[in-house]
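Now for the letters of each chain:
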Amino acid sequence: MAEIGLVGLGTMGAALALNIAEKGFDIAVANRTTSRTFAFHENAGALKGRITPCESIPALVDALESPRAIILMVPAGQVVDDYIAELTPLLAPGDLIIDAGNANFKDTRRRAAASDGPMFLGIGVSGGEEGARHGPSIMGGGDRAAWDRVAPVLSAIAAKFEGTPCATYMGTDGAGHFVKTVHNGIEYADMQMIAETYGVMRDGLGMSAPEIGQVYARWNEGPLQSYLIEISGKVAAATDPETGKPMLDVILDRAGQKGTGRWTAIEAQMLGAPATTIEAAVAARNLSSRLPERREGAARLGEPSRSIHDTDGVIDALEQALLAGKIACYAQGFGLLDMASEEYGWDLPMPEIAKVWRAGCIIRSAMLDDMARALEAGPHGNLLFASGFSERMIEADASFRRIVALGATQGLPMPAFSAALAYVDGLRQPRGTANMLQGQRDFFGAHGFERLDAEGAHHGPWAMTAG
Ligand code: 6PG
């Protein structure tokens, strides 16, 4: 009998199944297309003996030890509901379904709340195919006892950071999928900011893709060390085998999305959390996809003419700006997690979130270890105020400003950087400008405002000034 089951042998499911088998667990697998199940088993090499290919869902259920645990690695949405509906009548009390896809956390909350079904866990799995195969980062949510039951398997297959498995229980119902969603929102922002530095180097400094690749490779040796900088260096350095041109120069500048970044932005808006860098990154992808409109814009409005006179130190300033933008983005991400934790009653373990992201996942970076330590040091409110991070922000301030200003004067779009800088500036403004908003709201809608010098709601003398 197999110890665990897995449904869905797409790229991620197949890689995860091999990872589980390799760690010494017997696994039963099934797929909508049965031929794929058997082909997968046939190609599993030395791991074949640990894998039971099943021709149907009932066969998979029968192949499992009780209490059963079945991982679903299928496209998010209706497909998950369909499998739950198919599995439920076949399962016994105590059996467990684990949704390991990129589910919307609201769906996970709904599924976890269904009282008549099997036990249910929603786990966020990050790291792409390579991570799934050799060690992903796993963010768990749902029933604690159910998590504890499968934690040995999940910890065994997870990435390790200095020996510690990156598999952590985040909280009830949708907590794990929510943390994964915010991970992806940060991923979008991090990717976008790197793309903005690429834009400055390509269009501002006239550098070639391989030259830009060398810059990223160098940055990857310093405080920006991260998976995304590493792969950006490799992407920029690669050559297209068909044309011999740099790979980047033949890739269309239009980016799609499956939706997790958008969900982060939507949830930030719903909760009233300022996640502007992530929102800007999502919007930048949206604008990127409107290629005909951008071409018309260039024709009608003209492309900005660019000449950077003072190129001295621009690359170093970009590195500093990226550090600052990244810190601001994480401050927003953790702020959003904090607000969601309160709203949904999760009690999210903030230092553990930073820790689980230190290895295996797409946003893994050296900085996350510092963040874990800062968050562990105690409640500090905004991450920007944590010891070590405020100092870095102050240090990077001039470079951050120089780069955003360069973008504005040279017509180099920097939506994520600009949003991050505006956030930081807004945060350090003890007297903001919302008093004007309040005056306007009271003027046209008698919404009332608070005064600096008196308690309660007040109205302005607008009748006297109107007309
Ligand atoms: C990960 C990735 C992974 C995937 C997403 C994002 O953590 O392994 O985030 O989940 O890349 O599907 O893809 P989109 O860019 O298409 O939204």
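Residues numbered from 1 in each chain as written. Predicted model: local features only at pLDDT ≥ 70, side-chain atom pairs only at ≥ 80, totals over all residues. Heavy atoms only, no water.

## Re the pattern of salt bridges
Using the criterion set out here, one finds 30 salt bridges in the structure. Across the pair Lys355 and Glu376 runs a salt bridge, and its minimum N-O distance is 2.6 Å. Placement of Lys355 in helix H16 (residues 350-356) and of Glu376 in helix H17 (residues 366-376) is noted, with a sequence separation of 21 residues between them. Take Lys355: its relative accessible area is 19%, and that puts it in the buried class. Relative accessible area serves as the criterion here: at 44%, Glu376 is assigned to the partly exposed category. One salt bridge in this structure joins Arg392 and Asp370, with 2.5 Å as the shortest N-O distance. Of this pair, Arg392 sits in helix H18 (residues 389-410) while Asp370 sits in helix H17; the two residues are 22 residues apart in sequence, bridging distant segments of the chain. Beyond isolated ion pairs, a larger network of salt bridges with shared partners links Asp81, Asp99, Asp107, Arg110 and Arg111. (Salt bridge = Lys/Arg side-chain N within 4 Å of Asp/Glu carboxyl O. Helix = DSSP H or I, 4+ residues; strand = E, 2+ residues; numbered from the N terminus. Buried < 20%, exposed > 50% of the residue type's maximum accessible area, 1.4 Å probe, protein only.)

## Concerning the packing of aromatic side chains
All chains considered together, the criterion is met by 11 aromatic pairs. Judged by centre distance (5.4 Å) and plane angle (40°), the ring pair of Phe178 and Trp346 falls under tilted. Residue Phe178 is found in helix H8 (residues 175-204), and its partner Trp346 is found in the loop between helix H15 (314-344) and H16; the two are separated by 168 residues along the sequence. One exposure class covers both Phe178 and Trp346, and it is buried. Of the aromatic side chains, those joined through ring pairs into one cluster are Phe105, Phe178, Tyr344 and Trp346. One cation-aromatic arrangement involves Arg285 over Tyr188; the distance from NZ or CZ to the ring centre is 3.5 Å. (Phe/Tyr/Trp six-rings, centres within 6.5 Å; stacked < 30°, edge-to-face > 60°. Lys NZ or Arg CZ within 6 Å of the ring centre and 35° of its normal.)

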